[in-house]
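Descriptive analysis of the structure
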Amino acid sequence: EADWDLSAEAGDESADQGSALPQPVLAVVGRPNVGKSTLVNRILGRREAVVQDTPGVTRDRVAYDALWNGRRFTVVDTGGWEPDASGLQAAVAAQAELAMSTADAILLVVDATVGATGTDDAVAKVLRRSKRPVLVAANKVDSERAMAEVAALWGLGLGEPFPVSALHGRGSGDLLDAILEALPTTPRDTFGGQPGGPRRVALVGKPNVGKSSLLNRLAGEQRVVVDSVAGTTVDPVDELIEIEGRPWRFVDTAGLRKRVNTASGTEYYASLRTKAAIDAAEVVIVLLDASEPVTEQDLRVITQIVEAGRALVLAFNKWDLVDDDRRHQLERELDRGLVRVPWAERLNISARTGRAVGKFAPVLDRALESWDTRVPTGQLNAWLNEIIAATPPPVRGGRQPKVLFATQAQTRPPTIVLFTTGFLEAGYRRFLERKLRETFGFSGSPVRLSVRVRE
Ligand code: GDP
Ligand code: GDP
């Protein structure tokens with residue numbers, strides 16, 4: 001019995017390695033009724049409407065995507081975090097503490113028509129300790145006349161107050177400009193490629209699994225394999241192959257065919273080439289030999305692809321050699337071996353007969369679509385709150401970590417950052433990923449969940 005069972009645990013460490021920075025987070029804090037929700041709506045431009053809630057009921061959605069001058073950031077309305085009735089001042093101070101530990105910048109909203117209250121002063125005192133930039137919005141400045149009250153808010157000790165009317169929009173442009181200036185810039189999704197150009201596919205698999213045969217089959221029967229004349233051609237690195245009338249860029253196929261020639265090439269060399277092909281690709285087809293037991297080498301390559309964060313398609317070749325017995329045996333092997341990639345689509349093909357080779361295009365398309373998916377922050381948090389309400393994170397060391405909110409930091413592959421008050425166990429993270437996939441799909445793509453624990 002092959003010892004290739006990749007337990008789900010094996011992936012736990014990589015699950016938390018998300019190096020991706022979430023888009024910058026702006027937390028909005030302030031007393032009830034100063035206009036936080038109205039201002040958040042204004043900042044969002046009503047792209048994702050904030051649902052007004054029944055008073056006293058915790059808001060079930062707290063984080064949203066905002067876009068201003070071409071820059072994206074996440075707005076967190078901390079009103080939803082108002083804790084138990086330990087007094088208003090304590091509650092707002094707790095909000096501010098949370099904001100300071102999770103946000104990249106903080107917006108304190110004050111009602112200019114009321115002026116700074118004792119609670120506002122107390123919060124400002126907490127915020128003055130913040131290492132993050134803090135901006136003050138003097139809200140409800142609906143008219144020039146109301147400007148008179150604004151200057152008094154310098155007294156909060158947080159710099160120049162920005163007069164705004166969340167209700168009418170007055171001053172919100174200047175405030176947004178200042179917010180962008182305060183927020184750090186994050187790298188864009190970095191995976192390059194010309195938009196609209198051919199997608200990059202790598203075809204990998206162990207020697208003799210049928211890679212060259214499949215490539216020939218995809219490229220058309222009549223194509224000549226030129227590398228039989230060793231040394232006479234400069235191999236192109238990539239090859240454009242048309243599937244279903246559309247070109248795809250198969251990366252590093254030159255190396256692939258070179259290996260066929262130098263069949264004695266070391267495994268080390270082959271594995272380096274596989275790694276290079278995976279890195280160069282957006283989606284990887286792993287070719288497996290359906291007529292033989294799945295090998296450790298196959299599973300190592302799959303792990304490599306997941307860790308590299310590439311979309312994945314599994315193709316079981318030589319299906320013409322598979323009988324009923326072998327098929328049942330294979331199912332058992334896959335149940336054990338592929339526990340980490342239940343989301344990968346499988347094709348049963350034969351490069352020899354052409355069976356199912358025409359199905360590659362839709363399967364590759366679906367995998368890439370998942371890989372490119374961005375779930376809006378509001379939608380993500382609506383989902384998250386529902387899941388957490390039904391199944392909260394397990395208590396650890398007597399404490400129950402709270403999941404505050406989530407944003408999708410990156411696509412390619414989808415990378416979700418959870419902001420929490422404590423460590424989330426690997427089992428719970430896997431549960432969240434499973435639930436995430438039930439709702440949003442992501443079939444064919446790895447998904448990364450990373451956890452940002454507030455200090
Ligand atoms: P929150 O509790 O801080 O989220 O406050 P809301 O956004 O729910 O607003 C509280 C009340 O203030 C609502 O009745 C709003 O319509 C009102 N309000 C919010 N912004 C403004 C503003 O700029 N001018 C005026 N006049 N009223 C506002
Ligand atoms: P590569 O080393 O992965 O590029 O594999 P090749 O394309 O050179 O194929 C290795 C051997 O498997 C050759 O003898 C092929 O004819 C054979 N082969 C490839 N695909 C199939 C298939 O679908 N069915 C069968 N029965 N044999 C295949």
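What you are looking at is a predicted structure, and each value in this text was computed from that prediction instead of being measured.

**Examining the overall build of the chain**
Of regular secondary structure, the chain possesses 13 helices and 15 strands. Per-residue burial for the chain yields a buried fraction of 42% across its 455 residues. Intrachain contacts of the chain at a sequence separation of at least 6 include 75% that bridge at least 24 residues.

**What to know about the sheet that holds strand S7 (residues 200-204)**
The six strands are arranged S8-S9-S7-S10-S11-S12 in an open sheet whose pairing can be described as mixed. Here the strands that pair on one side only, and so sit at the sheet edges, are strand S8 (239-243) and strand S12 (345-348). Strand-to-strand twist in this sheet, taken as the mean axis angle between neighbours without regard to direction, amounts to 30 degrees. Examined bridge by bridge, strand S11 (residues 311-317) and S12 share four bridges and lie parallel to one another. Within S12, the residue paired with Phe316 across the bridge is Asn348.

**A word on the site of ligand 2**
Neighbouring ligand 2 are 16 residues, the closest being Gly210, Lys211, Ser212, Ser213 and Arg352. It is helix H6 (residues 211-219) that provides the largest number of residues to the shell around ligand 2, a total of three residues. Class assignment of the residues belonging to the shell around ligand 2 gives a composition of five nonpolar, seven polar and four charged.

**A few points about the nonpolar core**
By size, the foremost hydrophobic cluster in this structure holds 117 residues, and its most contacted members are Leu26, Ile106, Leu108, Ala137 and Val286. Once residues within four sequence positions are removed from consideration, Leu108 is found in contact with Val29, Gly30, Val123, Ala124, Leu127, Val134, Val136 and Leu158.

**Some remarks on the sheet that holds strand S6 (residues 161-163)**
Read from one edge of the open sheet, six strands run S2-S3-S1-S4-S5-S6, paired in mixed fashion. Two strands lie at the open edges of the sheet, namely strand S2 (63-68) and S6, each paired on one side alone. Averaged over all pairs of adjacent strands, the angle between strand axes in this sheet comes to 30 degrees, irrespective of strand direction. In this fold helix H3 (residues 88-102) packs onto strand S1 (25-29) and strand S4 (105-111), with an angle of close to 170 degrees to the strand it touches most, S1. Against the sheet, helix H12 (residues 377-390) makes contact with S2 and strand S3 (71-77), and its axis sits at roughly 175 degrees relative to S2, the strand it touches most.

**Thoughts on the site of ligand 1**
Near ligand 1 there are 15 residues, and of these Gly35, Lys36, Ser37, Thr38 and Leu167 occur at the shortest range. In terms of residue count, helix H2 (residues 36-44) provides more of the shell around ligand 1 than any other element does, three residues in total.

**Some points on unusual backbone geometry**
With an omega of 0 degrees, the peptide bond between Arg412 and Pro413 qualifies as cis. Along the chain, the position of Pro413 falls in the loop between strand S13 (403-410) and strand S14 (415-420). The phi angle at Asn33 is positive, at roughly 75 degrees, despite the residue not being glycine. Structurally, Asn33 is set in the loop between S1 and H2. The backbone of Asn208 sits at a positive phi, close to 70 degrees, despite the residue not being glycine. Structurally, the position occupied by Asn208 is in the loop between S7 and H6.

**Details of helix H13 (residues 426-440)**
With 15 residues, H13 extends 20 Å between its outermost C-alpha atoms, agreeing within 8% with the 21 Å of an ideal straight helix rising 1.5 Å per residue. Looking one or two residues past H13, Gly441 carries a phi angle of roughly 85 degrees, positive in sign.

**Points about helix H5 (residues 172-182)**
Among all positions of H5, only Ser172, Leu175, Leu176 and Ile179 are buried. Down the axis of H5, the sector holding all buried residues measures 100 degrees, keeping them to one side. For H5, the exposed residues lying more than 90 degrees away from the buried face are Gly173, Asp174 and Glu181.

**A closer look at the confidence of the model for the chain**
Predicted coordinates in regions of low pLDDT should not be interpreted in detail. Per-residue confidence for the chain gives a mean pLDDT of 82; residues scoring 70 or more make up 80%. Element-level pLDDT for the chain is lowest in helix H1 (residues 12-15), with a mean of 38, against a maximum mean of 98 in S11. A low-confidence stretch, residues 49-61 stays under pLDDT 50, and its non-local contacts, those more than four residues away or across chains, total 16 contacts. pLDDT under 50 marks residues 189-194. Its contacts with residues more than four places away, or in other chains, come to six contacts. Model confidence for the complex is summarised by a pTM of 0.72, with the ipTM given as 0.72.

**Some remarks on the packing of H3 against helix H4 (residues 118-128)**
Taken N-terminus to C-terminus, the directions of H3 and H4 make an angle of 30 degrees; their axes are 9 Å apart at the nearest point. With respect to H4, the axis of H3 lies roughly parallel. H4 is crossed by H3, and the crossing has right-handed handedness. For the pair H3 and H4, contact is made by Leu88, Gln89, Val92, Ala93, Ala96 and Glu97 and by Thr119, Ala122, Val123, Val126 and Leu127, respectively. Here the residues of the contact of H3 with H4 are counted per class, giving eight nonpolar, two polar and one charged.

**Structural notes on the environment of His168**
Relative to the elements of secondary structure, His168 occurs in the loop between S6 and H5. Along the chain, His168 and Pro293 lie 125 residues apart, while their C-alpha atoms are 68 Å from each other.

Definitions and limits used
- Residues numbered from 1 in each chain as written.
- Chains lettered and ligands numbered in written order.
- Predicted model: local features only at pLDDT ≥ 70, side-chain atom pairs only at ≥ 80, totals over all residues.
- Helix = DSSP H or I, 4+ residues; strand = E, 2+ residues; numbered from the N terminus.
- Buried ≥ 20, exposed ≤ 12 C-beta atoms within 10 Å, placed from the backbone.
- Contact = placed C-beta atoms within 7 Å.
- Pairing = 2+ DSSP bridges.
- Axes fitted to C-alpha atoms, helices over the stretch in contact; angles between N-to-C directions.
- Near = placed C-beta within 6 Å.
- Nonpolar A, V, L, I, M, F, W, Y, C, P; charged D, E, K, R; others polar.
- Core = buried A, V, L, I, M, F, W, Y, C linked by C-beta atoms within 7 Å.
- Expected span 1.5 Å × (residues − 1).
- Arc of directions from axis to C-beta.
- pLDDT = per-residue confidence, 0-100.
- Parallel < 35°, antiparallel > 145°, perpendicular 65-115°, else oblique.
- Left-handed = near helix turned anticlockwise from the far one by under 90°.

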